[in-house]
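Residues per chain, in single letters:
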Amino acid sequence: MKEESFSTKIKEGINSLFYIWKREFQTTFRDQGVLIFFIVVPLAYPLLYGFIYTNEVAREVPVAVVDHSHSALSREYLRKIDATPDVRIVSYCADMEEAKLLMKERKVYGIVYVPAEFNQDIARGQQATVSIYCDMSGLLYYKNILLANTDVSLSMNRDIKATLAGAYTEREEEIAAMPVEYENVALFNPTNGFAAFLIPAVLTLLIQQTLLLGIGLSVGTAQEKNKFHDLVPMNRHYQSTLRIVLGKGLCYCMVYSVVAVYVLCIVPALFKLNQIGHPGNLLLFMLPYLASCIFFAMTASIAIRNRETCMPIFVFTSIPLLFISGISWPGAAIPDFWRYFSYLFPSTFGINGFVKINNMGATLSEIGWEYQALWIQAGVYFLTTCIVYRWQILQSRKHVIEEYRRLKEKRAVRN
């Protein structure tokens, strides 16, 4: 009898688990809001982001020039700047006021000012100064203008030093112009592009945020529709914590396994972003990341009381989470409090691990810190999810008992 009872319980548990999985699938694909966040947003948002930054870098940024030197050397300097791919001189202004007017009208994004004593200072062996003024509302514009002027000034410095050195051989001129030769190599981002730098982090964060939105919307709907505004409905299949957590988690995992492959593999390939990681390492890394994101979202969803609550969460957390991950903002410059605070979110370890595998070719052993942290998060958030749903089950039972007592009292009064 005990064996039959035990086997019956196992069968009932499995049936209830798949019943909850089926119901969650139906809720996901019948609720338009959940469907948008689970399917439409992951499909469309990466494409939109990729098309915006598909050019990788800004080119031919328009600038204005104020040349008070009017010398052959200043004209050579400006000609070399105009020849760079970063900036394009669109106007030669008589004074700074005319150049400022062009910046106000957004016709140029920077001003190159060559003072009157530019040629004389170089002829006297003194240091000459060229000033640049940039529109800081666009950091890419500032970067292009600064890099173009820096490269040209270094190139002309080398030629001037070689001329003043009075060397007898070409080798002596090379040593006098550049005693220590340097070479700039951009590792893992050869084009210095914005897309290759930012999009992998955004794609990884997108998985966590859309899961948080979709699950939050589903939970808000359930609490609005249930009689006592409980998360767990009054149903015999929903009387076990483990069945609920595993049933719902299985549904989300199946949906987001496909979404993750599309977001993290297909989208970077469409826009020809760096993909030098081994697919097996990436697959093994995504297992704990998906699990931690799912259980994190299920735990956080306890704070959702209606469908609209989850929207502010997405709006006000996405940008801060991107910054404190250490990708968009240097990790060494993040204060200790915010760095430890970021460890609460799977996106912190997910972003860093994905970038290292996909863009830098790292193996799982080389990202052991991120990989182990995600498994720990998956375990911790699984336990917190079980605690949350166990509390919800008890709350649901409490409300049912109270309702039963209230109805019993009414009947007694009538009798």
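Structure: above.
Residues numbered from 1 in each chain as written. Predicted model: local features only at pLDDT ≥ 70, side-chain atom pairs only at ≥ 80, totals over all residues. Heavy atoms only, no water.

Caption draft 1: Main features of the environment of aspartate 86. Residue placement: aspartate 86 occurs in the loop between helix 3 (72-83) and strand 2 (87-93). Considering only alpha carbons, one finds aspartate 86 and glutamate 60, 26 residues apart in sequence, at a separation of 4.9 Å. Non-local contacts of aspartate 86, meaning those with residues more than four positions away in its chain, are made with Arg59, Glu60, Val61, Asn144 and Ala148. Of note is the side chain of aspartate 86, whose polar atom sits 3.0 Å from the side chain of arginine 59. (Helix = DSSP H or I, 4+ residues; strand = E, 2+ residues; numbered from the N terminus. Contact = heavy atoms within 4.5 Å. Polar contact = N/O pair within 3.5 Å; in protein donor to acceptor, adjacent residues only side chain to side chain.)

Caption draft 2: Local environment of the packing of aromatic side chains. This structure, assessed with the given rule, holds 21 aromatic pairs. On the numbers, 6.0 Å between centres and 85 degrees between planes, the contact of phenylalanine 18 with tryptophan 21 is edge-to-face. Note that phenylalanine 18 and tryptophan 21 are positioned in helix 1 (residues 2-30) at a spacing of three residues, about one turn of the helix. With 5.2 Å between their ring centres and 70 degrees between their planes, phenylalanine 296 and tyrosine 381 make a pair best called edge-to-face. Of this pair, phenylalanine 296 sits in helix 10 (residues 279-300) while tyrosine 381 sits in helix 14 (residues 368-414), placing them 85 residues apart in sequence. With respect to burial, phenylalanine 296 and tyrosine 381 carry one shared label: buried. In textbook terms, an aromatic cluster arises when at least three aromatic residues are bridged by ring pairs, as seen for Phe296, Phe337, Trp338, Phe341, Phe345 and Tyr381. Here arginine 339 stacks its cationic end above the ring of tyrosine 340, 5.1 Å away from the centre of that ring. (Phe/Tyr/Trp six-rings, centres within 6.5 Å; stacked < 30°, edge-to-face > 60°. Buried < 20%, exposed > 50% of the residue type's maximum accessible area, 1.4 Å probe, protein only. Lys NZ or Arg CZ within 6 Å of the ring centre and 35° of its normal.)

Caption draft 3: Geometry of the pattern of salt bridges. Throughout the structure, instances matching the rule amount to 10 salt bridges. In this structure, arginine 88 and glutamate 60 form a salt bridge, with 4.0 Å as the shortest nitrogen-oxygen distance. Here arginine 88 is found in strand 2, whereas its partner glutamate 60 is found in the loop between helix 2 (32-52) and strand 1 (61-67), with 28 residues between them in sequence. (Salt bridge = Lys/Arg side-chain N within 4 Å of Asp/Glu carboxyl O.)

Caption draft 4: Summary view of the sheet that holds strand 3 (residues 110-114). Taking strand neighbours across the sheet as the criterion, the four strands line up as 2-1-3-4 in an open arrangement whose pairing is mixed. At either margin of the open sheet sits one strand with a lone partner, and together these are strand 2 and strand 4 (131-134). Here the average twist between neighbouring strands, direction ignored, is 25 degrees. Docked against the sheet, helix 3 engages strand 1, strand 2 and strand 3, running at close to 140 degrees with respect to strand 2. With respect to the sheet, helix 4 (residues 96-104) is in contact with strand 1, strand 2, strand 3 and strand 4, its orientation differing from that of strand 3 by roughly 165 degrees. (Pairing = 2+ DSSP bridges. Axes fitted to C-alpha atoms, helices over the stretch in contact; angles between N-to-C directions.)

Caption draft 5: Spatial organisation of empty space enclosed by the protein. Under the defined criterion, the tally for this structure stands at one cavity of 30 Å³ or more. Leu212, Gly216, Ala297, Ala300, Ser301, Ile304, Cys310 and Ile313 are the residues that line the largest cavity. Looking at the lining of the largest cavity, the elements that each hand over two or more residues are helix 8 (194-225), helix 10 and helix 11 (310-324). Class assignment of the residues belonging to the lining of the largest cavity gives a composition of six nonpolar, two polar and no charged. (1 Å grid on protein atoms, 1.4 Å probe; cavity = no way out; pocket = protein on both sides within 12 Å on 5 of 7 lines; lining within 4 Å. Points joined across faces, edges and corners; volume = space filled by probe spheres on them. Nonpolar A, V, L, I, M, F, W, Y, C, P; charged D, E, K, R; others polar.)

Caption draft 6: Representation of a nonpolar patch on the surface within the structure. Taken together, the side chains of Ile10, Ile14, Phe18, Leu250 and Met254 present a nonpolar region at the surface, about 420 Å² in accessible area. When residues of the nonpolar patch are traced back to their parent elements, those giving at least two are helix 1 and helix 9 (241-270). Residue contributions to the nonpolar patch peak at three residues, all from helix 1. (Patch = residues over 30% accessible without salt bridge, like charges linked within 9 Å, V, L, I, M, F, W, Y side chains within 5 Å. Areas by Shrake-Rupley, 256 points an atom, 1.4 Å probe, with all protein chains shown as cover.)

Caption draft 7: Representation of the side chain of threonine 204 in the model. Position of threonine 204 relative to the elements: it lies in helix 8. From its side chain, threonine 204 meets the backbone oxygen of proline 200 in a polar contact 2.8 Å long. Discounting residues that sit within four places of it in the chain, threonine 204 has contacts with Leu264, Tyr289, Gly350, Ile351 and Phe354.

Caption draft 8: How the structure looks around the pairing of strand 2. The pairing of strand 1 with strand 2 spans six bridges and is parallel. Bridge pairing in strand 2 links valine 63 to isoleucine 89. The parallel pair strand 1 and strand 2 is bridged by helix 3, and the resulting crossover is right-handed. (Right-handed = clockwise from strand over helix to strand, strands pointing away.)

Caption draft 9: Just the layout of surface pockets, in detail. Space inside the largest pocket adds up to approximately 710 Å³. Taken together, 31 residues make up the lining of the largest pocket; nearest its centre are Lys143, Asn189, Thr191, Asn192 and Gly193. Looking at the lining of the largest pocket, the elements with two or more residues in it are helix 6 (139-165), helix 8 and helix 13 (346-358). No other element matches helix 6, which puts eight residues into the lining of the largest pocket. Of the residues contributing to the lining of the largest pocket, the split by class is 16 nonpolar, nine polar and six charged.

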